[in-house]
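For reference, the chains in residue letters:
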Amino acid sequence: MKKIQMVDLKGQYSKIKEEVDNSVLEVLDSTAYINGPKVHEFQKNLESYLGVKHVIPCANGTDALQIAMMGLGLKPGDEVITADFTFAATVEVIALLQLTPVLVDVDPVSFNIDIEAIKNAITPKTKAIVPVHLFGMCANMEAIMQIASDHNLFIIEDNAQAIGATDTYKNGTKTKAGVIGHVASTSFFPSKNLGCYGDGGAIFTNDDKLAHIIRGIVNHGMYERYHHDVVGVNSRLDSVQAAVLDIKLKRLDSYNSARQNAARAYNKAFEGQAKIITPTGNNGCSGICDTCDCHVFHQYTLRLLNSDRDALVKHLNDNGVPCGVYYPIPLHRQKAYLDERYNEADFKVTNQLVKEVISLPMHTELDDEQIKFITSTVISFINT
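Note that this is a predicted model, so its numbers are computed, not measured.

What should I look at first to understand empty space enclosed by the protein in this one?
Unoccupied space between atoms shows up once a probe the size of one water molecule is rolled over them. Scanning the model with the defined rule gives two cavities of 30 Å³ or more in all. Taken as a whole, the largest cavity encloses approximately 80 Å³ of empty space. Around the largest cavity, the lining residues are Val109, Ser110, Phe111, Leu134, Phe135, Met137, Pro279, Thr280, His295, Gln299, Tyr300 and Thr301. Taken together, the residues of the lining of the largest cavity sort by class into seven nonpolar, five polar and no charged. In this structure, the second largest cavity occupies an estimated 50 Å³ of space. Surrounding the second largest cavity, Val7, Asp8, Leu9, Gln12, Pro190, Ser191, Lys192, Asn193, Lys248, Arg259, His363 and Thr364 form its lining.

Okay, structure coming up:
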């Protein structure tokens, strides 16, 4: 059995090496390193893939979130509601812009932001909601967009973990994650489903006016060289990363399909294990249906019941199985984001999840032998 990796970027690269190398060499030969033709090609191809009018590439996913909020013109003191159970970047940019983060609990099945918790958190100061499509599963965007309409709020999708996922409304309408709200951000960090070989990100929107503002913000506030019309930042996707991303974009659906198949294999192996809660799809799906498109499994995350999660982490590592705990501390308990407004009783699900979750290796190169070893190692531990 080959060595198990949490993310096997080397194995993935080996299959596209010649194409990637040639494309990168084209960039080096052209010397168009910043905002060159490769960036524009990738932008157009991603717009077509997502079915969105505007993709604005930038330097990383955190910048993408910040720039999206800057583009909406949110002001210091405006309240922005987001999930307590997610990576810190989501709340980090809210604080950096001197907006007021309002953290709320999540759903125990999807791990995504809880709809009733959103409703309960809205005040006259609320201006935006940031749903995070956590671990690759779409949040309940139909309900979230209805809340936004009812209260005249902006929706900023954090799509860093779910590019390629599809959200299905009750009437059967299907839309790619990241193009449902007013604006969205994504990350091209190497381990993402669509990852580059460095840092990278992008902002998506169907709003022409907002896209124009954002294009200025990412480039020092310039639309014309040395004419600074808005307050901006320096956040651009370089041509080398765009060259890599454009090649991998052609394979994104197959990459996501490989992840879904690995998740199905994991789920099957864990059937009947009373101490393990496996991931499921959206819309009341039981398990991961054959046509699953709502979840692209950036992470494969279990909940462990009546088990020592941290001891399992050690056991897996001791047996050559990498794993992760995403996330071990709720955002409302992080030192940087402590706030007397928060009541522990409002975070029952999150406070439980941080004790129970564990993420197993998930990537495009997992094989049956590895999955069998990983799952048997988990099962042998929890049943001792």
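Structure shown, so let's carry the discussion forward.
Help me understand the environment of Leu28, please; the structure alone is not making it clear to me.
Along the chain, the position of Leu28 falls in helix α1 (residues 9-30). Leu28 sits in the partly exposed class, given a relative accessible area of 42%. Leu28 sits 286 residues away from Lys314 along the chain, and the two C-alpha atoms are 44 Å apart.

When you look at the packing of aromatic side chains in this model, what are you seeing that I'm missing?
Considering all chains together, one arrives at 13 aromatic pairs under this definition. Between Phe85 and Phe111, the ring centres sit 6.1 Å apart and the planes meet at 75°, which makes this aromatic pair edge-to-face. On the criterion of sequence distance, the pair formed by Phe85 in the loop between β2 (79-83) and α4 (89-96) and Phe111 in the loop between β3 (100-104) and α5 (115-121) is long-range, its members being 26 residues apart. A relative accessible area of 1% means that Phe85 is categorised as buried. By the ring-pair criterion, three or more aromatic residues cluster together here, those being Phe85, Phe87, Phe111, Phe135, Tyr326 and Tyr327. Taking NZ or CZ as reference, Arg341 lies 5.0 Å from the ring centre of Tyr342, over its face.

What is the right way to read the pattern of salt bridges from this model?
Should the charged atoms of two oppositely charged side chains come close, the side chains can pair. Scanning the model with the defined rule gives 14 salt bridges in all. Via salt bridges that share partners, Glu19, Lys250 and Arg251 belong to a single interconnected network.

I tried to follow the packing of helix α3 (residues 61-71) against α4 on my own but got confused; where do I start?
A pair of packed helices is captured by two measures, namely the crossing angle of their axes and the spacing between those axes. Running from N to C, α3 and α4 point in directions that differ by 45°, and their axes come no closer than 9 Å. Relative to α4, the element α3 lies oblique. α4 is crossed by α3, and the crossing has right-handed handedness. Two secondary-structure elements touch here, α3 through Thr62, Leu65, Gln66 and Met69 and α4 through Ala89, Thr90, Glu92, Val93, Ile94 and Leu96. Partitioning the contact of α3 with α4 into residue classes produces six nonpolar, three polar and one charged.

Where do I start with the pairing of strand β1 (residues 54-58) in this structure?
Consecutive residues of a regular strand have side chains that alternate between opposite faces of the sheet. The buried fraction of β1 is high, at five of five residues. Across the two faces of β1 the burial is the same, with His54, Ile56 and Cys58 and Val55 and Pro57 all buried. Summarising the sheet, β1 and strand β9 (residues 201-205) pair through five bridges and their orientation is antiparallel. Counted as the bridge partner of Val55 is Phe204 from β9.

Even after reading the chapter, I still don't get the sheet that holds β2, so can you show me in this structure?
Sheets are built from strands paired through backbone hydrogen bonds, the pairs being either parallel or antiparallel. Ordered by their spatial adjacency, seven strands build an open sheet running β1-β9-β8-β5-β4-β2-β3, and the pairing between neighbours is mixed. The open sheet has two edge strands with one neighbour each: β1 and β3. Taking the axes of each pair of neighbouring strands and ignoring which way they run, one obtains an average angle of 25° across the sheet. Bridge analysis of strand β8 (residues 183-187) against β9 gives four bridges, and the strand direction is antiparallel. When the bridges of β9 are listed, Thr186 appears paired with Ala202. Helix α6 (residues 141-151) rests against β4 (126-130) and β5 (154-158) of the sheet, and its axis sits at about 150° to β5.

About the cut-offs
Residues numbered from 1 in each chain as written. Predicted model: local features only at pLDDT ≥ 70, side-chain atom pairs only at ≥ 80, totals over all residues. Heavy atoms only, no water. 1 Å grid on protein atoms, 1.4 Å probe; cavity = no way out; pocket = protein on both sides within 12 Å on 5 of 7 lines; lining within 4 Å. Points joined across faces, edges and corners; volume = space filled by probe spheres on them. Nonpolar A, V, L, I, M, F, W, Y, C, P; charged D, E, K, R; others polar. Helix = DSSP H or I, 4+ residues; strand = E, 2+ residues; numbered from the N terminus. Buried < 20%, exposed > 50% of the residue type's maximum accessible area, 1.4 Å probe, protein only. Phe/Tyr/Trp six-rings, centres within 6.5 Å; stacked < 30°, edge-to-face > 60°. Lys NZ or Arg CZ within 6 Å of the ring centre and 35° of its normal. Salt bridge = Lys/Arg side-chain N within 4 Å of Asp/Glu carboxyl O. Axes fitted to C-alpha atoms, helices over the stretch in contact; angles between N-to-C directions. Parallel < 35°, antiparallel > 145°, perpendicular 65-115°, else oblique. Left-handed = near helix turned anticlockwise from the far one by under 90°. Contact = heavy atoms within 4.5 Å. Pairing = 2+ DSSP bridges.

It is worth stressing that arrangement in space is one thing and function is another; only the former is reported here.
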